[in-house]
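Residue-level listing of the chains:
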Amino acid sequence: KDTTWQTKYLEGLRPFTLPRFTKKSRYNFPEITIDPSGKAKASCQSLSLVAGMAFGTGTHQSTQLAAWCLAQALENTKRHSVLDVGTGSGILAMVAKLYLAGRVLAIETDPEALQVAKQNFKKNGMNSIKAKSSIDKVSEKYHVVVANILAPTLIELKSKLLHHTKKDGQIILSGLTYRDIPDILKCYNHCRLLSQHNRNGWSALRLQKTKA
């Protein structure tokens, strides 16, 4: 119930631009500015975010790496569908929309975080993003599945993440430390590694599902 730490943390946040992880970017998406204080007005190039008690202000390396992988996955596509598993504040689902994704569904098992995500979707004029409380409530398959969670959960969810990915679709796994990579690649050994990005001890993988 004591949110003093949270208030002090949020007071220290300032608007920032999501970084790009190559020196020469060939991706034509706009640079996205995020205001974690929730004070700025949203636009086609910015997000106004209130994290509340949910994970995902965009300042963490794992979120930034996952966002960069989304830019790669959605390049030159015709409004691909995106499933964001463990959406937290909803930041990656909204980044996908700014990157011109089509249908976007966000999954969050924590009730409080789910409400925060819905509030952020509304705040940013993205009411088309749907949200559910469990991946077990999902019936469709998606072109891109992104999960920014810790490695043990990514291993536990392997079959469900693969099940909801279309054949030849992409799976983005973030929230990984460098030492997690061998176990994750071994677990997802039926997928093809498309790219790996590392930053300050954190990693994200972009994989392609090669079997139906």
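Preceding block: the structure.
Let me sum up the structure you'll find in this document. Think of each chain on its own: its residues are numbered from 1, step by step along the sequence as written. Given that the model is predicted, a residue must reach a pLDDT of at least 70 before its local features are reported, and side-chain atom pairs must reach 80 or more before they are shown or counted; all residues, however, enter totals for whole chains, interfaces and linings. Just so you know, side-chain values use all the structure's heavy atoms and leave hydrogens and water out.

Notes on the packing of aromatic side chains
- Stacked, tilted and edge-to-face are the three classes assigned to paired rings of Phe, Tyr and Trp, where Trp is represented by its six-membered ring and a pair needs centres within 6.5 Å; plane angles under 30 degrees give stacked, over 60 edge-to-face, the rest tilted. Scanning the entire structure with this criterion turns up zero aromatic pairs.
- Across from the ring centre of Tyr 142, 4.4 Å away, lies the NZ or CZ of Arg 103, which sits over that ring. Only when the NZ atom of a Lys or the CZ atom of an Arg is both within 6 Å of the ring centre and within 35 degrees of the ring normal do we say a charge sits over the ring.

Description of the pairing of strand E10 (residues 202-209)
- Accessible area is worked out with a 1.4 Å probe on protein chains only. A residue is then buried under 20% of its type maximum, exposed over 50%, and partly exposed in between. For the purposes of this entry, the term helix denotes a DSSP run of H or I that reaches at least four residues, the term strand denotes a run of E that reaches at least two, and both are numbered from the N terminus. Counting buried positions over the eight residues of E10 gives seven, a clear majority of the element.
- A pair of strands is treated as paired once DSSP finds two or more bridges between them. Of the strand pairs in this sheet, strand E8 (residues 165-177) and E10 are connected by six bridges, and their pairing is antiparallel. Pairing of Leu 176 across the sheet is with Ser 203, part of E10.
- Pairing geometry for strand E9 (residues 191-199) and E10, over eight bridges, is antiparallel. Each bridged residue has a counterpart across the sheet, and for Gln 196 the counterpart in E10 is Leu 205.
- Counting the residues between successive antiparallel strands, the hairpin from E9 to E10 contains two residues, one of them, Asn 200, with a positive phi of roughly 50°.

A look at the packing of helix H2 (residues 61-73) against helix H3 (residues 91-98)
- Two numbers describe how H2 lies on H3: the axes approach to 10 Å, and their chain directions differ by 30°. On the basis of the axis angle, H2 is roughly parallel to H3. Regarding H2 and H3, the two cross each other, and that crossing is right-handed. For the pair H2 and H3, the contacting residues are Thr 63, Ala 66, Ala 67 and Leu 70 in the first and Ile 91, Leu 92, Val 95 and Ala 96 in the second.
- Note on residue categories: nonpolar means Ala, Val, Leu, Ile, Met, Phe, Trp, Tyr, Cys or Pro, charged means Asp, Glu, Lys or Arg, and polar means any other residue, Gly included. A class-by-class count of the residues in the contact of H2 with H3 yields seven nonpolar, one polar and no charged. Under this scheme, a helix contributes an axis fitted over its contacting stretch, all axes are lines through C-alpha atoms, and angles between N-to-C directions fall in the 0 to 180 degree range. An angle below 35 degrees is read as roughly parallel, one above 145 as roughly antiparallel, one from 65 to 115 as roughly perpendicular, and any other as oblique. With the far helix as reference, a near helix turned anticlockwise by less than a right angle produces a left-handed crossing, and one turned clockwise produces a right-handed crossing. Note on contacts: a residue pair qualifies if any of its non-hydrogen atoms lie within 4.5 Å across the two residues.

Topic: the pairing of strand E4 (residues 82-85)
- Where burial is concerned, the two faces of E4 agree: the one with Val 82 and Asp 84 and the one with Leu 83 and Val 85 are both buried.
- Two elements, E4 and strand E5 (residues 104-107), share four bridges in a ladder whose sense is parallel. Looking at E5, one finds that Val 85 is bridged to Ile 107.
- Between the parallel pair E4 and E5, the chain is carried across by H3, and the sense of this crossover is right-handed.
- Bridge count between E4 and strand E7 (residues 142-148): four bridges; the pairing is parallel. Among the inter-strand pairings, Leu 83 is bridged to a residue of E7, identified as Val 145. Whether a crossover is right-handed comes down to one check: with the strands pointing away from the viewer, does the path from the first strand over the helix to the second run clockwise; if it does, it is right-handed.

Details of the sheet that holds strand E1 (residues 16-17)
- Strand order in the open sheet formed by three strands is E1-E2-E3, and the pairing between neighbours is mixed. Looking at strand neighbours, the two that pair on one side only are E1 and strand E3 (46-48), the edges of this open sheet.
- When strand E2 (residues 33-35) meets E3, the two strands line up parallel, connected through three bridges. In the sheet register, Thr 33 faces E3, and the bridge partner there is Ser 46.

With respect to the nonpolar core
- Take the buried Ala, Val, Leu, Ile, Met, Phe, Trp, Tyr and Cys residues and link them wherever side-chain atoms come within 4.5 Å; each set so joined is a nonpolar core. Counting residues in each nonpolar core, the largest one holds 36 residues, and the members touching the most others are Leu 70, Leu 74, Val 82 and Val 95.
- Of all elements in the fold, only H2, H3, E5, helix H4 (111-123) and E7 reach the threshold of two or more residues within this core.
- The dominant element in this core, judged by the number of residues it contributes, is H2, at eight residues.
- Setting aside residues no more than four positions away along its own chain, Val 82 makes contact with Leu 70, Leu 74, Ala 96, Ala 101, Arg 103, Val 104, Leu 105, Tyr 142, Val 144 and Val 146.
- Core analysis: the second largest hydrophobic core is formed by 25 residues, Leu 83, Leu 173, Ile 184 and Tyr 188 among them.

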